[in-house]
Each structure stands twice: as structure tokens, then as C-alpha cells.
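Residues per chain, in single letters:
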Amino acid sequence: MRINSTFTKLTIILGSLCAISACQSTIEGVGDAMGNLTGKSIHNSFDGKYISQPQVAEYKQREDEFSGTEGVISYSGKDIPKQQIRQSHVVHSPRLKKYLDGILDNLMAQWDGSPVNVQIQVVHSQSFAPYADSFGMISIPIGTLNNVESEDELAILIAHEVSHILMRHHERDAVVQDNKENVNMLASAIVMANVAKDTSFVKQGKSRTLEYNPSEQGSDNISKAMVYNAVIQTVSDSVWNTAWKRTQEDEADLLGFDLAIAAGYSPRAHSHVLERLENFQGKQEGMLSAFWEKQQEALTGAFKAGDLGGISQQFNAFLVEGLSTSLSTAADYFQKRHMAPDVREENIKSYALRVYRDEVRRKVDRQKWNEVKEVSEVATVLSSYRVAFEASNALSAGDIDTAMSLARESQTSITKNHPYMRELMYNIRMAKGDSIKAMQNLDLIERWQDASPSLVEIRIERLMKQQKFEDALAAIESAENTFGNESLFILQKSIALSNTGNNEEALSTLDKCEKYDEFKLSCQSLRERIT
């Protein structure tokens, strides 16, 4: 006996959308949140070096999970909140990683407080601005590496993010999490709704089993949602991940400057960094607009599949309002977060002349970074991703033929099986309507631990559609370890467990699922019916 009514679909999909009520309140409060990013400059409020000030001293002694020089603090057995999980792919380049680690170690050696575990990784974003998460991981967009011209610039950027961690800014500011959750919640809701919609309850003897049979429409909705999400992830991650209050940015500017100068880098690099940041900021409003348009299109398709036109219309109005609010605050958002780059440069120049009169004569050293860029592995990676981003931009503009040509050009023996490269080919093949060849690209990925959650989701959905539930469970377990989070694919996990005959474990998983507000009603509905 199958239980699969319109009412059940409506209940489950509405349960999925309950999570977005928080998303709505976030969007409605965006204007106020962004307005609060202003504050008085602190550059002239003290004498001497900022690192020696009492307000910094209080953060120099600490005994917590961040303390010490051994172990890994990010993504290593910790329960990482869903909204803090990285959304980009990690770029695998041992030589590049070693070089950046050296810069980080040099900067951390200048900190005269308790040792703090900090890590660094390269991610596939086109963005210029690096960002730090609350677990001590600094992510350097490969777009940064393709734009800076010296190690001094890299050191200034890394030192700024290190300072956010040292000053514990993540503990003092929750704006970043609210806005990043707002950006990423929509695609997850689509997947949740369609997976639940295509899951029936089959009675087998005295028990009931969750039977997942993805419909063509449901699979198409999921694929579209993930494709659209993946296209904009090259820019969205760092857009919201760096929403700091202005005072905190001032603190990070000053402490980062002190660390970089103490490590031997040139003060002049700071102005170079700000020039590049100003150029990047001017491109963001169009990127945010494209994101919302794609998410709105994907959501509309998902609701049509559930025959929920009225809800679709209401939610469409909400998205339009959210889009308008987001775009109207985009320019102010960057200006207020970091202030105008020319104002930041003026503040730091004044500080440098007051405190570092001798050091300001140091020249920027371009040789070290140029030597690293000439290393075969590094040169290949930087070039491949630069061309791949051009392909992604062409795809976003609807120029599929150009996207395919550039994507093929971007493939090298070193990078061709990186997650981003294969995802790019997947997206292009899907845009051409060739789902078979699109899926074949997923089989070529060598390091799934570097993949983004959205690409991993495509992999899991594919395995479940093929009824390969044991493989789906293995992929889910791997993802849980990689991202340090069990909620990402908890609904799929319970269905896969049920389909492998592990109903007790499936029920236990659904019990856990109910603890997550965004999934509670969907998982509760499934659990009640299987019991």
C-alpha cells in the first residue's frame, strides 16, 4: 500500500519551507543589518602600535579549542554548523599550499599571545577577498592569486583574516551567518521538497519502508537547483562570509598591518590590495542580481512540480522583495563594511607614518611570488582556473558553445579531474540536454573531499536515483566527515537506510533529523508514517 497524496506532498514541502521563514526575516532585516556596519574609526584613538594596546592584550591569553600549535581545528571531527560549511571547492595544489602555509607561519610568529591554530586553503572562487571562518580556516580564492602581484600583498590579505581569528570576531558578530544562510537555504529547500515528494511508503508485512523513486520532473528540479547554485557559488561564498562590522574591520586592518610589517613585508602593499579590492567591489551587484534570478527560476519549477501555484505566487513576491532589498544595499554593504578603499588607505597611511616611519621605505618584493607562479604546477593551476572561470561566465550568459570551448581549453593533466573542472563540464552538458555525458563527468572526480556540498549533493542524488543505496550511504558518510556536519544529507540518509533494510537505523536518523528546525516537519512526517 502506497501513501502518496497531494496532502502529503503539501505537508512535506511546507515543512521544507518553514526553514525559509527565517530566511525571509533575514532578508527583511538586511537593510538594518547593513546599516549597523558603520562606526567610528579607531586609527587615531591610541598611541604606539595597535598590537601593544590594552584592547588587544585581552585577546592574547586563551585556553580553548583554538589554542596550541598542534592538531587541526577546522573540519576535523567537529560539529560544524550548516551555515558555516564552505560552499566552494578546494583547489588541490600541494606546492601552492606549502607556499601559503609559509606566509601564514611567518605572520603567526609575530603574534606575542597564546599560540592559535590557524589553517589556510585555496578555494575555487573568482572573488578577490579571502575570508576566515569561525573554526580557524582561512580561504584564499584562486581569484586572489590570479590578481595579486607580490607576496607582500598576499601577506597583507592573510594577516587581515588572521587578525579576525586572533581578535575572536566570529564570537562577536553573527551577521555573517545570517546572510550566508539566507544565500544557501533556497537550493536546499528545493532538494528537500523534491526528495520528499518522490518518496512513498510501502507496506512490507508488518513494517513500512520508505521507497525513493525519483520522478523525471523531480530529478530535473534538483539538477536545476544544484546547477544554478553551483554557477553562483564562485562568487557568493566570500560575498556574505566577510560581513564584519566596521570597527572589526578597523581592528583587523591595524593588527594585520602590525603582523605583516613585523614579518618583514612592505607597508606599500596595503594600498595595492585596496586598489584591487575597489575594482572587485564594483562587480558584485550584478553577480548578486544573477544569483537571485537563478534561484527564483529554480524555485518556481519546484513548486510547479508539486502543483502548488498559490504558494509559488506568494513566494515569488517574497523573492522579488528580497532581491530588491539585497540589490539596493549591495553597494552600501561593501562601502560600510570596509569603508571606501580610499578612506581605508588614508587611515592606514596615517598610521604607518605615525608608527612605522622607517619601514615605509621598504619596497614591495615581486620576485618571490613571481618565482612561485613560474613553478609548473602552480602556473598550470592558476591558468586552468582562470580559463575555467571564463567558461563559467560564458555559460551563465547562455553562450554554451563558447563555454564548452573554454572548458576544454582549461583541462590539463593536473587539473582535469578537480571537482570544479568536472562540475563545469557537467553543467555545460546539462545545459546541452545531454544528462548521460553530464553524469559521466562525476565519475572522473578524483578527490571528492575537495568538492562543494552542492556537487556532493548531485552525486548522492544520482546514486539514489540509480537505486545504489549502499554507495549513497558511503558517499553521505564521507561527506559528513569532510564537512563535519550530519544534517546536510540527513533526509537522503534515512531513505537510503530504509531501502537497505535498516529501518531501525533509519528511524534513529529521522529522530536526529527532527532536532534540526529546517528539516523537522519533513523528517517528522516520514518517521510517523514508517512507524
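Residues numbered from 1 in each chain as written. Predicted model: local features only at pLDDT ≥ 70, side-chain atom pairs only at ≥ 80, totals over all residues. Heavy atoms only, no water.

K.L.:
Honestly, the overall build of the chain in this entry has me stumped. Any pointers?
P.N.:
A tally of helices and strands in the chain yields 24 helices and 5 strands. The buried share of the chain, taken over its 531 residues, is 59%. Put simply, of all contacts in the chain between residues at least 6 apart along the chain, 77% involve residues at least 24 apart. Roughly 21300 Å² of accessible area belongs to the chain as shown, and the carbon and sulfur atoms make up 45% of that amount. (Helix = DSSP H or I, 4+ residues; strand = E, 2+ residues; numbered from the N terminus. Buried < 20%, exposed > 50% of the residue type's maximum accessible area, 1.4 Å probe, protein only. Contact = heavy atoms within 4.5 Å. Areas by Shrake-Rupley, 256 points an atom, 1.4 Å probe, with all protein chains shown as cover.)

K.L.:
Please clarify how the packing of helix 16 (residues 376-396) against helix 17 (residues 400-410) should be interpreted in this entry.
P.N.:
When two helices pack together, their arrangement is given by the angle between their axes and by how far apart the axes lie. Helix 17 packs onto helix 16 with a crossing angle of 165° between their chain directions and a minimal axis gap of 8 Å. For the element pair helix 16 / helix 17, the angle class is roughly antiparallel. Helix 17 is crossed by helix 16, and the crossing has left-handed handedness. From helix 16, S384, V387, A388, E390, A391, A394 and L395 reach across to helix 17, where they touch I400, T402, A403, L406, A407, E409 and S410. (Axes fitted to C-alpha atoms, helices over the stretch in contact; angles between N-to-C directions. Parallel < 35°, antiparallel > 145°, perpendicular 65-115°, else oblique. Left-handed = near helix turned anticlockwise from the far one by under 90°.)

K.L.:
Before we go on, may I ask you to explain helix 22 (residues 490-499) in this structure?
P.N.:
Most of helix 22 is tucked away, with 9 of its 10 residues classed as buried. Burial in helix 22 covers these residues: I490, L491, Q492, K493, S494, I495, A496, L497 and S498. In the stretch just after helix 22, G501 is the one whose phi turns positive, near 85°.

K.L.:
Mind showing me how you'd approach the sheet that holds strand 1 (residues 119-123) here?
P.N.:
Hydrogen bonds between backbone atoms are what pair the strands of a sheet, whose relative direction is either parallel or antiparallel. Across the sheet, 3 strands lie side by side as 1-3-2; this open sheet has mixed pairing. Pairing within the sheet leaves two strands with one partner each, and these edge strands are strand 1 and strand 2 (131-132). Examined bridge by bridge, strand 2 and strand 3 (residues 137-141) share 2 bridges and lie antiparallel to one another. The partner of Y131 across the bridge, within strand 3, is S139. (Pairing = 2+ DSSP bridges.)

K.L.:
What is the right way to read the confidence of the model for the chain from this model?
P.N.:
Should pLDDT be low for a region, the predicted coordinates there are not to be read in detail. When pLDDT is averaged along the chain, the result is 75; 63% of the residues meet or exceed 70. The weakest mean pLDDT in the chain belongs to helix 2 (residues 30-35) at 38; the strongest belongs to helix 4 (residues 94-108) at 97. In the predicted structure, residues 1-39 sits below a pLDDT of 50 and forms 82 contacts with residues beyond four places in sequence or in another chain. This model gives residues 231-244 a pLDDT under 50, and the stretch forms 57 contacts once residues within four places in sequence are excluded. (pLDDT = per-residue confidence, 0-100.)

K.L.:
I keep staring at helix 19 (residues 435-442) and nothing clicks. Help me out?
P.N.:
An α-helical turn contains 3.6 residues, so a residue and the one three or four places further along point in the same direction. Restricting attention to buried positions, one finds in helix 19 the residues A438, M439, N441 and L442. Taken down its axis, helix 19 places every buried residue within 145° of arc, on the same side. Buried residues along helix 19 sit against helix 18 (419-431) and helix 20 (453-465). (Arc of directions from axis to C-beta.)

K.L.:
Please clarify how the state of the cysteines should be interpreted in this entry.
P.N.:
Here is the idea: a disulfide is a covalent bond, and it sits between the sulfur atoms of two cysteines. Counted according to the given criterion, the structure contains 1 disulfide. In this model, C513 is linked to C523 through a disulfide, with the two sulfur atoms separated by 1.6 Å. Classification of the bridge connecting C513 and C523 rests on its S-S torsion, roughly 55°, and on that basis the disulfide is right-handed. Here C523 lies in helix 24 (residues 520-530) and C513 lies in helix 23 (residues 503-513), a separation of 10 residues in the sequence. Taking the relative accessible area as the measure of exposure, C513 reaches 0% and is therefore buried. (Disulfide = S-S within 2.5 Å.)

K.L.:
How do you make sense of the packing of aromatic side chains when you look at a structure like this?
P.N.:
How two aromatic rings sit relative to each other is set out by the distance from centre to centre and by the angle between their planes. The tally for this structure, following the rule as stated, stands at 9 aromatic pairs. Taken together, a centroid distance of 6.1 Å and an interplanar angle of 80° make the contact between Y351 and Y356 edge-to-face. Assigned by exposure class, Y351 and Y356 land together as buried. Seen in terms of ring centroids, F389 and Y420 are 5.5 Å apart; in terms of plane orientation they differ by 50°. Their pairing is tilted. Taken together, the residues F389 in helix 16 and Y420 in helix 18 connect sequence positions 31 residues apart. The exposure classification of F389 matches that of Y420, with both residues buried. Ring pairs connect the aromatic residues F46, Y50, F257, Y351 and Y356, which therefore count as one cluster. (Phe/Tyr/Trp six-rings, centres within 6.5 Å; stacked < 30°, edge-to-face > 60°.)

K.L.:
I tried to follow the environment of A262 on my own but got confused; where do I start?
P.N.:
Here A262 is to be found in helix 10 (residues 246-262). When the C-alpha atoms of A262 and A109 are compared, they prove to be 9.3 Å apart, with 153 residues separating the residues in sequence.

K.L.:
Would you take a moment to explain the packing of helix 16 against helix 18 for this structure?
P.N.:
Their axes nearest at 11 Å, the elements helix 16 and helix 18 cross at an angle of 25°. The angle between helix 16 and helix 18 falls in the class roughly parallel. Considering only the axes of helix 16 and helix 18, their crossing is left-handed. Contacts between helix 16 and helix 18 pair S384, Y385, A388, F389, A391, S392 and L395 from the former with Y420, M421, L424, N427, I428 and A431 from the latter. Broken down by class, the residue content of the contact of helix 16 with helix 18 amounts to 10 nonpolar, 3 polar and no charged. (Nonpolar A, V, L, I, M, F, W, Y, C, P; charged D, E, K, R; others polar.)

K.L.:
Any chance you could explain the side chain of N503 here in plain terms?
P.N.:
On the secondary structure map, N503 appears in helix 23. Among the polar contacts listed, one links the side chain of N503 to the side chain of S498, at a separation of 3.0 Å. (Polar contact = N/O pair within 3.5 Å; in protein donor to acceptor, adjacent residues only side chain to side chain.)

K.L.:
So what exactly am I meant to see when it comes to the environment of L406 here?
P.N.:
Within the element layout of this structure, L406 appears in helix 17. Judged by relative accessible area, which is 15%, L406 ranks as buried. C-alpha separation for the pair L406 and F389, spaced 17 residues apart in sequence, amounts to 8.9 Å.

K.L.:
Could you clarify how one ought to interpret the pattern of salt bridges in this entry?
P.N.:
As a working rule, side chains carrying opposite charge can pair if their charged atoms are close by. By the definition in use, this model includes 9 salt bridges. Notably, a salt bridge pairs D401 with K432, separated by 3.7 Å at the nearest N-O pair. Here K432 lies in the loop between helix 18 and helix 19 and D401 lies in helix 17, a separation of 31 residues in the sequence. Classification of K432 by relative accessible area gives partly exposed; the value is 42%. In this structure, K493 and E480 form a salt bridge, with 3.2 Å as the shortest nitrogen-oxygen distance. (Salt bridge = Lys/Arg side-chain N within 4 Å of Asp/Glu carboxyl O.)

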